[in-house]
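# Examining the three-dimensional arrangement
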Amino acid sequence: MGSIAIIGAGNVGQAIAGHMSIQGHDVRLFDRWGHDLEPIKANDGGITLIGELEGHGKPALLTTDLAEAVHGAQVVIVAAPAFAHAYISKELAAVLEPSQLVLFQPAVLGSGVELARMFGVAGRTPSLIAETATSLYTCRLREPAHVYIGAIKQTVPLAAVPSADTPQALTILRAYFGDRYVSGGDALAVGLTNSNPIYHVPPAVLNFKTVEDVDRRPLHSLVTPRIAEVIDALDQERIALADALGVKSGSFWDFLNTAYGVSEGSFAERIEQGYGRQAFPEPDSLKHRYFTEDVPFGLVIWSSLAAQIGLSMPLTDAFIALTNTLCGEDFVASGRTAESLGLLGAHAGSIRAAFIEGPVC
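Below: a short report on this structure. Residue numbers restart at each chain and count upward from 1, following the sequence in its written direction. Local features in a predicted model are, by the rule used here, given only for residues with pLDDT of at least 70; side-chain atom pairs are given and counted only at 80 or more, and totals for whole chains, interfaces and linings are based on all residues. Hydrogens and waters are ignored; side-chain quantities use all the structure's heavy atoms.

### Quick word on the sheet that holds strand β10 (residues 146-152)
Note on sheets: strands pair through backbone hydrogen bonds, and any given pair is parallel or antiparallel. Taken in spatial order, the four strands of this open sheet run β4-β3-β10-β9, and their pairing is mixed. The open sheet has two edge strands, β4 (55-57) and β9 (137-143), and neither has a second partner. Taking the axes of each pair of neighbouring strands and ignoring which way they run, one obtains an average angle of 30° across the sheet. When strand β3 (residues 47-51) meets β4, the two strands line up antiparallel, connected through three bridges. Bridge assignment links I47 to a residue of β4, and that residue is G57. Two residues qualify as a contact provided that any one of their heavy atoms is within 4.5 Å of a heavy atom in the partner residue. Lines are fitted to the C-alpha atoms to define the axes, a helix being fitted only along its stretch in contact, and any angle between axes, read from their N-to-C directions, falls within 0 to 180 degrees. Helix and strand labels come from DSSP, where a helix needs a run of H or I of at least four residues and a strand needs a run of E of at least two; each type is numbered from the N terminus. Contacts from helix α1 (residues 11-22) reach β3, β4, β9 and β10 within the one sheet, and its direction differs from that of β9 by about 100°. Note on pairing: two strands pair once DSSP finds at least 2 bridges between them.

### Some thoughts on the packing of aromatic side chains
Between the rings of Phe, Tyr and Trp (Trp by its six-membered ring), a pair exists once the centres lie within 6.5 Å; its type follows the angle of the planes, with under 30 degrees stacked, over 60 edge-to-face, and the other angles tilted. Going through the model one piece at a time under the given rule, you end up with 11 aromatic pairs. Ring centres 4.1 Å apart and planes at 5° place the aromatic pair W253 and F267 in the stacked group. On the criterion of sequence distance, the pair formed by W253 in helix α11 (residues 252-260) and F267 in helix α12 (residues 267-275) is long-range, its members being 14 residues apart. With 6.1 Å between their ring centres and 80° between their planes, F255 and Y260 make a pair best called edge-to-face. Like Y260, F255 is buried. Every member of this aromatic cluster is reached through a ring pair, and the members are Y199, F252, W253, F255, Y260, F267 and Y275. Cation over ring: R142 sits above Y148, and NZ or CZ is 4.1 Å from the ring centre. Think of it in three bands: with a 1.4 Å probe and only protein chains considered, a residue is buried below 20% of the maximum accessible area for its type, exposed above 50%, and partly exposed in between. Here, a charge over a ring is recorded when the distance from Lys NZ or Arg CZ to the ring centre is within 6 Å and its angle to the ring normal is within 35 degrees.

### Let's talk about the nonpolar core
To define a nonpolar core, start from buried Ala, Val, Leu, Ile, Met, Phe, Trp, Tyr and Cys residues and group those joined through side-chain atoms within 4.5 Å. With 78 residues, the main nonpolar core has L92 and F252 as its most contacted residues. Broken down by element, the residue count for this core peaks at seven residues, all from helix α14 (residues 295-308). Residues contacting L92, with those up to four places away along its chain left out, are L66, V70, V76, V78, V102, L115, F119 and R124. In this structure, I4, L53, A145 and F177 belong to the second largest nonpolar core, which totals 39 residues.

### A look at the packing of α11 against α12
In the contact formed by α11 and α12, the axes pass within 11 Å of each other and the chain directions differ by 30°. Between α11 and α12, the angle falls in the class roughly parallel. Note that α11 runs across α12; the crossing there is left-handed. Residues F252, W253, F255, L256 and Y260 of α11 touch α12, and the partners they reach there are F267, R270, I271, G274 and Y275. Angle categories are assigned with fixed cut-offs, so that under 35 degrees is roughly parallel, over 145 is roughly antiparallel, 65 to 115 is roughly perpendicular, and the rest are oblique. Each helix crossing is assigned a hand: it is left-handed if the near helix lies turned anticlockwise from the far helix by less than a right angle, otherwise right-handed if that turn is clockwise.

### A closer look at the pattern of salt bridges
Salt bridge, as used here: a side-chain nitrogen of Lys or Arg that lies within 4 Å of a carboxyl oxygen of Asp or Glu. Considering all chains together, one arrives at 13 salt bridges under this definition. Residues D26 and R28 are paired through a salt bridge, measuring 3.1 Å at the closest nitrogen-oxygen approach. Using a relative accessible area of 12% as the deciding quantity, one classes R28 as buried. In this structure, R174 and D179 form a salt bridge, with 2.8 Å as the shortest nitrogen-oxygen distance.

### A look at the environment of P39
By the secondary structure assignment, P39 is in helix α2 (residues 38-42). Given the relative accessible area of 27%, P39 is considered partly exposed. C-alpha of P39 to C-alpha of S163: the two residues are 124 residues apart in sequence and 39 Å apart in space. For P39, the residues in contact, after removing those within four places along its chain, are P144 and A145.

Right, dumping it as structure tokens:
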């Protein structure tokens, strides 16, 4: 059995902590403020899983001390929201050792590059760094300390920074998750496969009245045939960015096939097949992660990198502008950009090198 630290006690963090505890691993669960740990303590010290996985897993340690959580852990999984990655990376760069593996699961484009830069700033030898574009677990908290597992994805692409470390990362993770993680090539390719903004943002924005009314309809039920065409058009801009950066990226529809085995029917029908059984609700507030994460750490970084190489992404930029106004936020100012990754003014080759070889600090 191995030792694994989970950073973040939300949906994904609790799903991983519960599953790994049931499997018998030494699990440490970190929550910065401790609020999400109290219900776990009250639930006989454990996390109840229902759905595709069932059981009650008890982490060995529940803590608000990051250094305590990661000390001696073979694997450190960052399962925190994207807006917390910069803070967490700075803290991890001060305490992680080179022998440890840190996995952003899920990451957003540039999470691994950002952590590698933080190690450089701190003047320390980096740990092994890897990331995925999506969570292995499709899950939601049904009530405190009770996680519904809608699905465990068949395979999830993973890449390390630098990419030469990917085989080593996969070998380490196999003891915990079997063969569900597969090589995604490099962190640029993996980061650009993040389909959350593609699926989440268009139906949420184009049905915004239902958000304001807190209807909490299943998100997939808001995807009409025409909205599915918008999803596809937004996806084509992401694919164009990948092509311009020298990356071959599959489509959102390829993702549905890989993750859920869905390959037949119209675009709207495929979304129904992939997400209908889970029926996760649409956003119920302007602070929902479909806005506060998928826009500033998804659409914004795509648009920012595209701007460095002179690529136009009009639909992407339109959704950024719309959500800025609808949510009363400046997601460009608060999000991840080429500048925040040290890539302002970089050409396509330099951007690609930062993701494949690691950033120059």
